[in-house]
Amino acid sequence: MAATMLTPLRWMDDHLLVLDQRALPAEQRWIRCDTVADVVNVIAGMAVRGAPAIGLAGAYGMAIAALRSEDLADRADMLCGARPTAVHLAWAVQAMRSRCTGKDAQAWVQYAQQLHAEDAELNFAMASHGAALISPGSRVMTHCNTGALATGGWGTALGVIRVAHGAGKIAEVLAGETRPWLQGARLTAWELQQEKIPYRLLADGAMAWAMRQLRPEWVIVGADRIAANGDTANKIGTFSLAVLARSLGVKFMVVAPDATIDRTLESGADIPIEERPGEELTRLGAQPIAPAGAVAWNPVFDVTPAELIDVLVTEHGAISQPDRSQLAAVAPAAG
Ligand code: MRU
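Residues numbered from 1 in each chain as written. Predicted model: local features only at pLDDT ≥ 70, side-chain atom pairs only at ≥ 80, totals over all residues. Heavy atoms only, no water.

Draft legend 1. How the structure looks around the packing of helix α1 (residues 36-44) against helix α2 (residues 51-67). With their axes 9 Å apart at the nearest point, α1 and α2 run at an angle of 170° to one another. Judged by the inter-axis angle, α1 sits roughly antiparallel to α2. Judged by residue contacts, V36, V39 and I43 of α1 engage I54, A57, G58, G61, I64 and A65 from α2. Along the lines of polarity and charge, the residues of the contact of α1 with α2 split into seven nonpolar, two polar and no charged. (Axes fitted to C-alpha atoms, helices over the stretch in contact; angles between N-to-C directions. Helix = DSSP H or I, 4+ residues; strand = E, 2+ residues; numbered from the N terminus. Parallel < 35°, antiparallel > 145°, perpendicular 65-115°, else oblique. Contact = heavy atoms within 4.5 Å. Nonpolar A, V, L, I, M, F, W, Y, C, P; charged D, E, K, R; others polar.)

The structure is reproduced here in structure tokens:
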């Protein structure tokens, strides 16, 4: 892992430090979380974001609850309610509760740290499986931020790009800015720059034209929740990219740990989609950019139907044309 690669979470004896990603890339500022309410606030407020990273924050939140002898069932509900779409949050909280049944609070801390370390390992396994599918000299397109900042290390889709770049395969990354939180512009561009991976940043509205004119080999994205039939929820705009990719003959890869597969949901229609306040669209920071009283709709994830996905990469390997029977055949993650 490059020395510059930042981890979004640091455990400090009895509290959690969270890198405030809202301030990046201008400033590296850390938020101290002493209570479960603090952890809920950093997750709901987008200081920490990215499915695996919020799952790990939830796991550390449960460790804080155990250390403070709080009501674990109530704190688990609070944490799981912080953001609804990424199933990794509920998965990690549940993994903590199933594994740590005793009163030894240090066991909860240690298991959260173990999940954190394992996430980095899973990411590296996925990165290797995904990078093997990329041809030398490729241009690839990505969306949102799926890097070290979104995970326990390396990243999901960006992890694939990182490893492929290390193997000399990446000519250029096309990164979408990702309105309204600008995870692509603020975070992905920053991570790519630190790793000296060539990239160009694009307005979200430029992705179709870029796909046509610049011919990426792959669109590579992460996932927040995958239903049993392979339908995949990810950052708003992912569905548009998948439709474009199919219509323009560009391959589409989803990279996510097995724990992202929610086998309790039949299809993407059952995935809860987070809607955030309209002000995130009508303002840029403190600056209004729409008329006073403008009404906005702000769903922050969308669902890409499985049939538009060419390859799903998990830690177990790459699945071509993922569907219900293929997903049923891979082992569920322990939790
Ligand atoms: O709203 P965010 O920034 O939490 O959304 C993040 C994404 O949509 C990522 O693509 C997803 O979590 C998978 S990557 C680690």
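Draft legend 2. Looking closely at the site of the ligand. Of all residues adjacent to the ligand, which total 18 residues, the nearest are A51, R83, Q183, N234 and K235. G50 places a polar main-chain atom, nitrogen or oxygen, 2.9 Å from an oxygen atom of the ligand. In the environment of the ligand, an oxygen atom lies 2.7 Å from a nitrogen or oxygen atom belonging to the side chain of N234. Here the ligand has 410 Å² of accessible area as a free molecule, and 100% of this is covered by the chains. (Near = heavy atom within 4 Å. Polar contact = N/O pair within 3.5 Å; in protein donor to acceptor, adjacent residues only side chain to side chain. Areas by Shrake-Rupley, 256 points an atom, 1.4 Å probe, with all protein chains shown as cover.)

Draft legend 3. Spotlight on the packing of aromatic side chains. Taken as a whole and judged by the stated rule, the model has two aromatic pairs. Seen from their ring centres, W11 and Y60 are 5.5 Å apart, and the 10° between their planes marks the pair as stacked. Remark: Y60 occurs in helix α2 and W11 occurs in strand β1 (residues 9-12); sequence separation between them is 49 residues. An angle of 45° between the planes, with centres 4.9 Å apart, marks the rings of F124 and W154 as tilted. Taken as a pair, F124 in helix α5 (residues 105-131) and W154 in the loop between β4 (138-142) and α6 (157-166) lie far apart in primary sequence, 30 residues in all. Here the basic side chain of R10 rests over the ring of W30, its NZ or CZ set 4.1 Å away from the ring centre. (Phe/Tyr/Trp six-rings, centres within 6.5 Å; stacked < 30°, edge-to-face > 60°. Lys NZ or Arg CZ within 6 Å of the ring centre and 35° of its normal.)

Draft legend 4. Just the nonpolar core, in detail. Ranked by size, the top nonpolar core spans 40 residues in total, and within it L9, L16, V39, I43, V48 and M96 carry the most contacts. Taken together, the elements giving at least two residues each to this core come down to β1, β2 (15-19), α1, α2, α3 (72-80), α4 (87-99) and α5. Broken down by element, the residue count for this core peaks at 12 residues, all from α2. Setting aside anything within four residues of it in sequence, one finds M96 in contact with A59, M62, A63, W108, Y111, A112 and L115. M211, L241, A245 and V250 belong to the second largest nonpolar core, which has 24 residues in total. (Core = buried A, V, L, I, M, F, W, Y, C linked by side-chain atoms within 4.5 Å. Buried < 20%, exposed > 50% of the residue type's maximum accessible area, 1.4 Å probe, protein only.)

Draft legend 5. Layout of the pairing of strand β5 (residues 170-176). Here β5 lies mainly inside the structure; six of its seven residues are buried. Where β4 lies against β5, five bridges are found, and the strand directions are parallel. Directly across from V140, in β5, lies its bridge partner V173. With respect to chirality, the unit in which β4 leads through α6 into the neighbouring parallel β5 is right-handed. Bridge count for β5 against strand β6 (residues 199-202) is four bridges, and the pairing is parallel. What sits directly across from G176, in β6, is L202. (Pairing = 2+ DSSP bridges. Right-handed = clockwise from strand over helix to strand, strands pointing away.)

Draft legend 6. Seen up close, the sheet that holds strand β11 (residues 261-262). Here four strands make up an open sheet; going across it, the order is β11-β8-β9-β14 and the pairing mixed. Every other strand in the sheet has two partners, leaving β11 and β14 (301-304) as the edge strands with one partner each. Relative to β11, strand β8 (residues 225-227) is paired through two bridges, and the arrangement is parallel. The residue of β11 that forms the bridge with A227 is D262.

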